Amino acid sequence: MCGIYQNGIAHFFYLKDRQSISLSGFLKETIAAKVGIALAKKEMITYNRKRVNVKAGWRRLFMGMVQTERLVYEYEKRDEEGNVIGMSRAIDGVDIDVKEGQFIAILGHNGSGKSTLAKHMNAILVPTEGTMWVDGKDTKDPENLWEVRQSAGMVFQNPDNQIIGTVVEEDVGFGPENLGVPTDEIWSRVEESLKAVGMIEYRHHSPNKLSGGQKQRVAIAGVVAMEPKCIVLDEPTAMLDPVGRKEVLKTVQKLREKKHVTVILITHYMEEVVDADQVYVMDHGHVVMKGSPREVFAQVDKLKEYRLDVPQVTVLSDLLRKKGLEIPAGILKKEELVDAICRLN
């Protein structure tokens, strides 16, 4: 459409057929066109939102409980005066896929990036590059934050950093209360969670009077009471003695059997991962080994290269095998080695 001004009158016409149109007619058509464009945009936005919702639904259906794609995380390096002097890459192109209900172990020495990866699973950190999905939700999307943290509960290394209540049962009920769970259901969840971790008889005790292992079990109960689909344990036994470590690991295994939750254990204790479905080994921000515990433990020399302490029974069986004895690779338990030796002619 074009317009010309002649003798004080504005004339508008279509170039195609030079059909004249009055100013009022032009305004009506312009408004109608704008309304039509606005409606079309609205329909397109609605359509795109529906596509996003459908895609998210399909993603939840086919993706794992926790999945990453070329995950990268960088943080700023600063000098003593707080000035930025560069960037450091803690995670570099990590791909993992954790299916619902699995027990996954992530191993690595200090500084390998395993705890940084764990913090991404609860959206405490978000990727610099790449993507982390938790229950099909992109953790970088601020609108997903609440749902991500409901799906993945986190247990930290030091239980004193996680326990805030002055009484055990109050502490366990703190999470559900903040989720808006009705009071009657909160107390029901508190009782069920404390029973699940074997701490119901301590419900009226002060957490400050509990042992390290007992505190960690209370912290786990607090996460369980929120009913997440996945529990991420970031080196939960690092500050415990051998007895406390066994208590916590037994608790985790029982929870997995009873609640059918996905368990992701971050640790550097090799003996803690023998019952895992799959093991990831990290070094300098990369996943350098992946497989079943037996497949990973069979590579004793490679594990030592990554500064990991291999269980003594695995080391012994590897030495016997290198001496020519027909011992299977990847021995995980003492009973397996004894059985293998007894089978020798």
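As shown above, the structure is provided for reference.
Residues numbered from 1 in each chain as written. Predicted model: local features only at pLDDT ≥ 70, side-chain atom pairs only at ≥ 80, totals over all residues. Heavy atoms only, no water.

Participant: Hey, could you go over the overall build of the protein for me, with residue numbers and the actual values?
Facilitator: Helix and strand content of the protein: eleven helices and 14 strands. The proportion of buried residues among the 345 residues of the protein is 43%. For the protein, the share of sequence-separated contacts (at least 6 apart) that also reach a separation of at least 24 residues comes to 60%. (Helix = DSSP H or I, 4+ residues; strand = E, 2+ residues; numbered from the N terminus. Buried < 20%, exposed > 50% of the residue type's maximum accessible area, 1.4 Å probe, protein only. Contact = heavy atoms within 4.5 Å.)

Participant: Account for the pattern of salt bridges, naming residues and giving values.
Facilitator: Applying the stated criterion across every chain yields a total of 25 salt bridges. Of the charged contacts in the structure, one is a salt bridge between Arg89 and Glu129, with a shortest N-O distance of 3.8 Å. Highlighted residues: Arg89 in strand 5 (residues 84–94) and Glu129 in strand 8 (residues 129–134), separated in sequence by 40 residues. One connected set of salt bridges, linked through shared partners, spans Glu74, Arg89, Asp92 and Glu129. (Salt bridge = Lys/Arg side-chain N within 4 Å of Asp/Glu carboxyl O.)

Participant: Pulling in residues and values, what's your account of the side chain of Thr262?
Facilitator: With respect to the helices and strands, the residue Thr262 is situated in strand 12 (residues 262–267). The buried category is assigned to Thr262, whose relative accessible area is 0%. A polar atom in the side chain of Thr262 sits 2.8 Å from the backbone nitrogen of Gly101. The residues touching Thr262, leaving out its near neighbours within four places in the chain, are Met65, Val98, Lys99, Glu100, Gly101, Gln102, Lys229, Cys230 and Ile231. (Polar contact = N/O pair within 3.5 Å; in protein donor to acceptor, adjacent residues only side chain to side chain.)

Participant: Give me the packing of aromatic side chains: which residues, what numbers.
Facilitator: Per the stated rule, a full pass over the model turns up zero aromatic pairs. For Arg245, the ring lying beneath its charged end belongs to Tyr269, and the centroid distance is 3.7 Å. (Phe/Tyr/Trp six-rings, centres within 6.5 Å; stacked < 30°, edge-to-face > 60°. Lys NZ or Arg CZ within 6 Å of the ring centre and 35° of its normal.)

Participant: Which residues make up the sheet that holds strand 14 (residues 286–291), and what are the values?
Facilitator: Taken in spatial order, the six strands make up an open sheet running 10-11-12-7-13-14, and their pairing is mixed. Because the sheet does not close on itself, it has two edges, and the strands there are strand 10 (152–155) and strand 14. Ignoring which end each strand starts from, the neighbouring axes of this sheet average 20° apart. Where strand 10 meets strand 11 (residues 230–234), four bridges bridge the pair, whose relative direction is parallel. Across the sheet, the residue bridging to Ala152 is Cys230, located in strand 11. Here helix 6 (residues 212–224) sits on the sheet and contacts strand 10 and strand 11; the angle it forms with strand 10, its principal contact strand, is near 165°. Contacts between helix 7 (residues 242–259) and the sheet are confined to strand 7 (103–107), strand 11 and strand 12, with strand 12 contributing the most and set at about 160° to the helix. (Pairing = 2+ DSSP bridges. Axes fitted to C-alpha atoms, helices over the stretch in contact; angles between N-to-C directions.)

Participant: How would you summarise the nonpolar core if you had to cite specific residues and measurements?
Facilitator: With 45 residues, the main nonpolar core has Val172, Ile220, Leu233, Val279, Val281, Phe297 and Leu303 as its most contacted residues. Among the elements that take part in this core, helix 6 stands out by supplying five residues, more than any other. Excluding residues that lie within four positions of it along the chain, Ile220 makes contacts with Val155, Val197, Leu233, Val248, Val252 and Leu255. Of all hydrophobic cores here, the second largest spans 27 residues; its members include Met121, Val148, Met154 and Ile266. (Core = buried A, V, L, I, M, F, W, Y, C linked by side-chain atoms within 4.5 Å.)

Participant: Explain unusual backbone geometry to me, and be specific about the residues and the numbers.
Facilitator: Phi is positive for His284, which is not a glycine, with a value near 50°. Topologically, His284 is positioned in the loop between strand 13 (278–283) and strand 14.

Participant: Hey, could you go over a positive patch on the surface for me, with residue numbers and the actual values?
Facilitator: Side chains of Lys246, Lys250, Lys254, Lys258 and Lys334 sit close together on the surface and give a patch of like positive charge. Within the element layout of this structure, Lys258 appears in helix 7. (Patch = residues over 30% accessible without salt bridge, like charges linked within 9 Å, V, L, I, M, F, W, Y side chains within 5 Å. Areas by Shrake-Rupley, 256 points an atom, 1.4 Å probe, with all protein chains shown as cover. Lys, Arg positive; Asp, Glu negative; His and termini not counted. Charge placed at Lys NZ, Arg CZ, Asp CG, Glu CD.)

Participant: How would you summarise the pairing of strand 12 if you had to cite specific residues and measurements?
Facilitator: If a strand is regular, its side chains alternate between the two faces of the sheet. Among the six residues that make up strand 12, six are buried, leaving the element largely enclosed by the rest of the structure. Inspection of the sheet shows strand 7 paired to strand 12 by five bridges, in the parallel sense. Bridging from a neighbouring strand, Ile104 pairs with Ile264 of strand 12. Two strands pair when backbone bridges link them, and strand 11 and strand 12 are joined in this way by five bridges, in the parallel orientation. Paired with Val232 across the bridge in strand 12 is Ile264.

Participant: So, the packing of helix 4 (residues 168–178) against helix 6: which residues are in play, and what are the values?
Facilitator: Remark: helix 4 packs on helix 6, axes separated minimally by 7 Å, with the N-to-C direction vectors making an angle of 35°. Along this stretch, helix 4 crosses helix 6, giving a crossing that reads as right-handed. Seen from helix 4, the contacting residues are Val168, Asp171 and Val172; seen from helix 6, they are Val218, Ala221 and Gly222. (Left-handed = near helix turned anticlockwise from the far one by under 90°.)

Participant: I'd like to hear about the packing of helix 4 against helix 5 (residues 183–196), residue by residue, with values.
Facilitator: One can describe the packing of helix 4 onto helix 5 by two numbers: an axis separation of 9 Å at closest approach and a directional angle of 120°. With respect to helix 5, the axis of helix 4 lies oblique. When the axes of helix 4 and helix 5 are compared, the crossing they make is right-handed. The residues of helix 5 that touch helix 4, namely those facing Val168, Glu169, Val172, Gly173, Pro176 and Glu177, are Ile186, Trp187, Arg189, Val190, Ser193 and Leu194. By residue class, the composition of the contact of helix 4 with helix 5 is seven nonpolar, two polar and three charged. (Parallel < 35°, antiparallel > 145°, perpendicular 65-115°, else oblique. Nonpolar A, V, L, I, M, F, W, Y, C, P; charged D, E, K, R; others polar.)

Honestly, that's just the spatial picture; any functional story needs more than this.
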